[in-house]
Amino acid sequence: MTQTSENVTWLTQEAYNQLKAELEYLSGPARTEIAAKIAAAREEGDLRENGGYHAAKEEQGKQELRVRQLTQLLENAKVGEAPASADGAVAPGMVVTIAFDGDEDDTMTFLLASREYASADIETYSPQSPLGTGVIGHKVGEDAEYELPNGKKASVKILKAEPYAG
């Protein structure tokens, strides 16, 4: 899965099917299950000191948030391969190799894509992350800069950028 600047999320057919199935489960059977848990906990009495009730309500909130996230993601999704960057610049959906501070012995390779597409095979960074926003638009051989959590700037050199073949 990759994102483009038009706020379109490109998904493989497999990823789309997987997310659609998760949404259907959370919108149907999972909602029924959590409603039953809440009802059972409510029958136990005083809601102020009812840990089971509060835990079930918190679970319901997390579940509803995920339903909203999936709904929005799938509404903006297109199935297929993201178009390649016309000018060869780093874009979402690419596997990027960088060197920290230009030191080609200190490198990292990662997939620039949404966390929804994260895989155990390769580290994934969101296009909205500080590193992601720093490298997007840069070409191989160029230096890029991004802001660290402590507010300092870090510099990386783009060594390689190829479409993800996952």
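Calculation criteria
Residues numbered from 1 in each chain as written. Predicted model: local features only at pLDDT ≥ 70, side-chain atom pairs only at ≥ 80, totals over all residues. Heavy atoms only, no water. Helix = DSSP H or I, 4+ residues; strand = E, 2+ residues; numbered from the N terminus. Buried < 20%, exposed > 50% of the residue type's maximum accessible area, 1.4 Å probe, protein only. Contact = heavy atoms within 4.5 Å. Salt bridge = Lys/Arg side-chain N within 4 Å of Asp/Glu carboxyl O. Pairing = 2+ DSSP bridges. Expected span 1.5 Å × (residues − 1). Polar contact = N/O pair within 3.5 Å; in protein donor to acceptor, adjacent residues only side chain to side chain. pLDDT = per-residue confidence, 0-100. Arc of directions from axis to C-beta. Core = buried A, V, L, I, M, F, W, Y, C linked by side-chain atoms within 4.5 Å. Phe/Tyr/Trp six-rings, centres within 6.5 Å; stacked < 30°, edge-to-face > 60°.

A. Seen up close, the overall build of the chain. When its secondary structure is counted, the chain shows four helices and eight strands. Secondary structure elements of the chain, listed N to C terminal, follow the sequence β-β-α-α-α-β-β-β-β-α-β-β. Residues classed as buried in the chain amount to 36% of the 166 residues present. Looking at the chain alone, contacts between residues at least 24 apart form 51% of all its contacts between residues at least 6 apart.

B. Quick peek at the pattern of salt bridges. Inspection of every chain in the model, using the stated rule, returns six salt bridges. The partner of E59 in a salt bridge is K37, with the nearest N and O atoms 3.3 Å apart. Of the two residues, E59 sits in helix α3 (residues 51-75) while K37 sits in helix α2 (residues 29-42), which places them 22 residues apart along the sequence. For E59, a relative accessible area of 36% gives the class partly exposed.

C. Here's a closer look at the sheet that holds strand β8 (residues 153-163). What the five strands build is an open sheet, ordered β6-β5-β4-β8-β7; its pairing is mixed. Of all strands in the sheet, those bounded by a partner on one side alone are β6 (124-125) and β7 (143-147). Both strand β5 (residues 107-112) and β6 contribute to a ladder of two bridges, which runs parallel. Directly across from L112, in β6, lies its bridge partner Y125.

D. Spotlight on α3. Spanning 25 residues, α3 covers 36 Å between terminal C-alpha atoms, matching the ideal 36 Å at 1.5 Å per step. Among the residues of α3, Y53, A56, Q63, R66, V67, L70, L73 and L74 are the ones counted as buried. At the N-terminal end of α3, a side-chain oxygen is found 3.2 Å from the backbone nitrogen of G52, two or three residues along, and the residue is N50.

E. Representation of the confidence of the model for the chain within the structure. Per-residue pLDDT for the chain averages 82, and the proportion of residues at 70 or more is 83%. Here residues 1-6 is modelled with pLDDT under 50, and outside its nearest four sequence neighbours on either side it reaches 24 contacts, counting other chains as well.

F. Expanded view of helix α1 (residues 13-27). Relative to the 21 Å expected for 15 residues at 1.5 Å per residue, α1 spans 21 Å between its end C-alpha atoms, a close match to the ideal helical length. Among all positions of α1, only A15, L19, L23 and L26 are buried. Mapping the buried residues of α1 onto a view down its axis gives an arc of 70°, with all of them on the same face.

G. Here's a closer look at the side chain of S126. Tracing the backbone through its elements, the reader meets S126 in the loop between β6 and α4 (130-135). There is a polar contact of 2.8 Å between the side chain of S126 and the side chain of Q128.

H. Representation of the nonpolar core within the structure. Core analysis: the biggest nonpolar cluster contains 17 residues, and V90, V96, I98, F110, L131, V135 and I158 have the highest contact counts within it. Of all elements in the fold, only β4 (94-100), β5, α4, β7 and β8 reach the threshold of two or more residues within this core. With four residues, the top contributor of residues to this core is β8. Ranked by size, the runner-up nonpolar core spans eleven residues in total, among them L11, L19, L23 and V67.

I. Main features of the packing of aromatic side chains. With the rule as written, the count across this model stands at one aromatic pair. Seen from their ring centres, F110 and Y125 are 5.1 Å apart, and the 70° between their planes marks the pair as edge-to-face. Here Y125 lies in strand β6 and F110 lies in strand β5, a separation of 15 residues in the sequence. For the pair F110 and Y125, a shared accessibility class is recorded, and that class is buried.

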